[in-house]
Amino acid sequence: MSVTAPSLPAVRRRPGRWLGNPGFVVAAVVLGAILLMAVLAPLVAPFDPYEQVLDRRMLPPGFVDAERASPAHLLGTDNLGRDYLSRLIYGARISLLIGFFTMLVSGVIGTVLGVAAGYFGGRVDAVVSFLVTTRLSLPVVMVALAVVAVVGGSLQVVVLVLGLLLWDRFAVVMRSATMQLRGLDYVLAARAIGSSTPRILLTELLPNLASSLVVVASYEMAQAILLEAALSFLGLGVQPPLPSWGLMVAEAREFMLFEPWMIVLPGIAICVLVLAINLLGDGIRDATAPEGRA
Amino acid sequence: MTAPLLQIRDVVRRFGVRRGVFAPRRTLTAVAGVSLDLPRGEVLGLVGESGCGKSTLARIVLGLDKPTEGEVLIDGRPVASLHRLERSRLVQPVFQDPYSSLNPRRSVEAIIGQPLLVHGEGTPAERRDRVAEMLGLVGLGPRHAAAYPSQLSGGQRQRVAIARALILRPALVVCDEPTSALDVSVQAQILNLLMELRARLGLSYLFISHNLAVVQLVASRVAVMYLGRVVEEGDPETVLRTPAHPYTRALLASVLQPRPGRGLPDPQLAGSFPNPLEPPSGCAFHPRCPLAVPRCAAERPGLDPATGEHRAACHFAALAET
Ligand SMILES: Nc1ncnc2c1ncn2[C@@H]1O[C@H](COP(=O)(O)OP(=O)(O)O)[C@@H](O)[C@H]1O
Ligand SMILES: [Mg+2]
């Protein structure tokens with residue numbers, strides 16, 4: 001053979017790509033903590049989140065009013081005397097569950113439709129584009145409200161309704177990303193070596209779509225969490241006495257003027273969780289995108 | 001005489017294109033009736049400017065696109081109706097850009113072994129052995145097996161693409177500008193490798209290039225394409241020494257430096273490549289042709305033999321021969 005190959009350049013250190021992004025690190029830590037808290041809620045929470053102690057109602061947290069606060073209730077109690085910290089911890093379970101499963105349902109629907117439209121084009125694309133347009137003409141909150149009002153609110157109903165409504169972004173992003181990849185020579189090469197279409201979609205395209213998929217998934221999960229909070233706030237989502245953060249905001253509304261911390265705490269929880277999920281998605285995208293021409 | 005390995009029979013490929021959603025649909029004829037033969041063991045060089053339909057023809061030969069009219073036979077069998085597994089044992093591609101022809105998520109070993117996996121050949125250990133053998137054959141070492149494309153140079157990537165193409169031992173390899181995306185210093189290495197492998201494995205190549213010098217180096221037959229048609233065909237010696245078509249002469253002039261004692265080279269190509277949506281009437285080359293007469297705009301010349309096996313589609317082909 002005429003040529004011996006020169007030595008390989010050093011393998012790019014992958015961990016460096018993860019840890020070099022401070023937003024990602026902070027988000028991962030925060031999200032990890034919330035996740036751990038949600039999973040270990042029975043062990044972590046100082047009180048039963050449903051236990052009402054009527055002579056300990058609306059105790060403020062120590063940092064709000066040190067005189068009225070009770071040292072046992074770190075974040076105070078609500079209007080029924082339930083420990084606020086425990087309710088927030090259990091609330092994380094609901095937000096994460098709804099966010100995750102909604103994202104799963106909408107992700108599967110949207111990815112299947114989008115990849116099919118992008119890869120096959122033509123009539124399939126026309127049908128999918130029509131479905132997306134139809135879906136976009138439905139106002140999410142209104143439809144969700146109407147359905148929940150008719151069927152009744154519960155965790156499963158909220159997941160299903162939101163899952164069936166939030167797939168459009170998956171479809172649009174997957175469609176255009178697939179169209180870009182479809183024309184690349186490695187897809188042609190895969191066809192040339194005899195790969196079947198499902199094999200090409202699953203093993204050539206999907207792994208290369210993963211980074212855009214993660215970004216949309218994180219965005220939609222955050223979106224679902226916000227929508228659940230909104231639905232619950234309107235009384236049409238998760239029903240009391242489940243400690244949903246949106247429900248906690250709704251319940252605190254009456255006391256907003258005198259005990260604003262009651263509304264601020266679950267509000268902060270929602271913000272932090274949503275922000276962390278979005279930052280994590282961006283970080284994963286940046287770290288896993290394949291390197292272009294080196 | 002045995003039948004040619006590759007027979008391209010009157011292949012036409014039209015695309016419906018539209019500029020906007022409401023613009024009318026128009027027809028672009030990328031390949032406008034090409035017939036070519038490639039005898040077993042030979043290299044057919046296909047040259048022409050960018051946009052003349054070479055890659056479209058390549059995709060049709062590979063069975064990855066269907067011709068609008070005509071057919072392609074490999075080993076006497078129509079590629080378009082072969083099962084994908086059968087087809088992939090007959091013909092394999094080497095593409096131009098090794099940066100987009102390798103899946104960035106797969107290791108070199110997985111890329112080269114993928115055809116075996118798809119065909120369900122061998123155990124994982126056997127496949128690894130075959131990959132190692134192919135790596136050696138294309139001048140890469142065992143330590144490249146675990147590398148990812150992003151860690152390889154352009155030349156190394158092209159070697160990987162060649163290994164993937166050859167692991168199924170196809171009879172025909174379609175090389176679509178296999179060196180044009182590479183550094184000049186690497187081009188010769190890859191050309192040498194391709195030629196060496198051809199001799200060693202008894203391969204036939206459809207070798208596409210826009211560079212006449214490259215084709216002259218490797219081809220045992222040359223076809224020159226212009227706007228979807230073959231305008232000249234013959235053995236490289238004859239075509240390049242005594243080109244019968246003015247387009248071939250212009251192409252040659254653009255690669256050869258004027259040399260004293262050889263006379264003036266033909267003028268460089270005037271004008272630009274025509275819009276394939278509005279091909280010129282008659283001979284498609286007439287707007288740029290130094291010899292054009294009114295007849296050229298009215299009547300398209302057929303691909304007639306200038307002398308014997310040497311054919312050219314020009315009203316003045318016989319004239320040029322003298
Ligand atoms: N899928 C397609 N749809 C529409 N037009 C196409 C398509 N593929 C190729 N073409 C057109 O066909 C012509 C020939 O293209 P191509 O075969 O890539 O040329 P070459 O490889 O010689 O540069 C070009 O004008 C190109 O724009
Ligand atoms: Mg091309």
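That block above? That's the structure.
Remember, predicted model here, so these are calculated numbers, not experimental data.

The rules behind each value
Residues numbered from 1 in each chain as written. Chains lettered and ligands numbered in written order. Predicted model: local features only at pLDDT ≥ 70, side-chain atom pairs only at ≥ 80, totals over all residues. Heavy atoms only, no water. 1 Å grid on protein atoms, 1.4 Å probe; cavity = no way out; pocket = protein on both sides within 12 Å on 5 of 7 lines; lining within 4 Å. Points joined across faces, edges and corners; volume = space filled by probe spheres on them. Helix = DSSP H or I, 4+ residues; strand = E, 2+ residues; numbered from the N terminus. Nonpolar A, V, L, I, M, F, W, Y, C, P; charged D, E, K, R; others polar. Near = heavy atom within 4 Å. Polar contact = N/O pair within 3.5 Å; in protein donor to acceptor, adjacent residues only side chain to side chain. Areas by Shrake-Rupley, 256 points an atom, 1.4 Å probe, with all protein chains shown as cover. Contact = heavy atoms within 4.5 Å. Buried area = accessible area lost by both parts, 1.4 Å probe. Salt bridge = Lys/Arg side-chain N within 4 Å of Asp/Glu carboxyl O. Buried < 20%, exposed > 50% of the residue type's maximum accessible area, 1.4 Å probe, protein only. Pairing = 2+ DSSP bridges. Axes fitted to C-alpha atoms, helices over the stretch in contact; angles between N-to-C directions. Parallel < 35°, antiparallel > 145°, perpendicular 65-115°, else oblique. Left-handed = near helix turned anticlockwise from the far one by under 90°.

Caption draft 1: Examining the layout of surface pockets more closely. When its volume is computed, the largest pocket comes out at roughly 510 Å³. Along its surface, the largest pocket is lined by 17 residues, and A:Tyr119, A:Arg182, A:Leu188, A:Arg191 and B:Leu64 are the ones closest to its centre. Residue assignment for the lining of the largest pocket shows that the elements contributing at least two residues are helix 4 (84-120), helix 9 (185-192) and helix 10 (197-233) of chain A together with helix 2 (84-90) of chain B. Counting residues per element, the lining of the largest pocket draws most heavily on helix 9 of chain A, which supplies three residues. The residue inventory of the lining of the largest pocket, partitioned by class, reads six nonpolar, four polar and seven charged.

Caption draft 2: Fine view of the site of ligand 1. Residues and elements named next belong to chain B. Taken together, 14 residues lie near ligand 1, and Gly 51, Gly 53, Lys 54, Ser 55 and Thr 56 sit nearest. Between Gly 51 and ligand 1, the recorded distance is 2.6 Å, taken from a backbone N or O atom to an oxygen atom. Within the contact set of ligand 1, an oxygen atom lies 2.9 Å away from a backbone nitrogen or oxygen of Lys 54. Starting from 560 Å² of accessible surface for ligand 1 in isolation, the protein chains cover 67%. Listed by contribution, the elements that provide at least two residues to the shell around ligand 1 are strand 1 (6-17), strand 2 (26-38) and helix 1 (54-61). Considering each element in turn, the shell around ligand 1 owes the most residues, four residues, to helix 1. Considered class by class, the residues forming the shell around ligand 1 number six nonpolar, five polar and three charged.

Caption draft 3: Looking closely at the side chain of A:Thr102. Within the secondary structure, A:Thr102 sits in helix 4. Sequence-distant contacts of A:Thr102, defined by excluding residues within four places in its chain, comprise A:Gly107, A:Val159, A:Leu162, A:Gly163, A:Leu166 and A:Ala224.

Caption draft 4: Fine view of the interface of chain B and chain A. Taken together, the contact pairs 42 residues of chain B with 31 residues of chain A. Together, the buried faces of chain B and chain A total about 3200 Å²; carbon and sulfur atoms form 54% of this surface. Its largest share of buried area at the contact with chain A, chain B owes to B:Leu64, B:Arg105 and B:Gln151, together 21% of the area lost on that side. Linking A:Glu204 and B:Arg106 is a salt bridge whose minimum nitrogen-to-oxygen distance equals 2.6 Å.

Caption draft 5: Layout of the pairing of strand 9 (residues 221-226) of chain B. All names here are of chain B. Across the six residues of strand 9, six count as buried, placing the element largely inside the fold. Bridge analysis of strand 9 against strand 10 (residues 229-234) gives five bridges, and the strand direction is antiparallel. In the strand pairing of strand 10, Ala 223 is matched with Glu 233. Hairpin geometry of strand 9 and strand 10 is characterised by an intervening segment of two residues between the two adjacent antiparallel strands and by a positive phi of about 50° at Leu 227.

Caption draft 6: Fine view of the packing of helix 11 (residues 245-252) of chain A against helix 12 (residues 261-288) of chain A. Residues and elements named next belong to chain A. Two numbers describe how helix 11 lies on helix 12: the axes approach to 8 Å, and their chain directions differ by 155°. Overall, the two elements helix 11 and helix 12 adopt an arrangement that is roughly antiparallel. Note on packing geometry: the crossing formed by helix 11 with helix 12 is left-handed. Each of Trp 245, Gly 246, Met 248, Val 249 and Ala 252 in helix 11 lies in contact with helix 12, whose residues at this interface are Met 262, Ile 263, Pro 266, Gly 267, Ala 269, Ile 270 and Leu 273.

Caption draft 7: How the structure looks around the environment of B:Glu299. All names here are of chain B. You can see Glu 299 is positioned in the loop between helix 10 (294-298) and strand 11 (304-307). Judged by its relative accessible area of 39%, Glu 299 falls in the partly exposed class. Taking C-alpha positions, Glu 299 is 53 Å from Leu 135, a pair spaced 164 residues apart along the chain. Once you skip the residues sitting within four places of it in the chain, Glu 299 turns out to touch Gly 282, Cys 283 and His 315.

Caption draft 8: The arrangement of the sheet that holds strand 2 of chain B in detail. All names here are of chain B. Overall, antiparallel pairing links the four strands, which are arranged 2-1-4-5 in an open sheet. If you trace the sheet from one side to the other, it starts and ends with strand 2 and strand 5 (77-78), each paired once. Set on the sheet, helix 1 makes contact with strand 1, strand 2 and strand 4 (69-74); between it and strand 1 the angle comes to about 120°.

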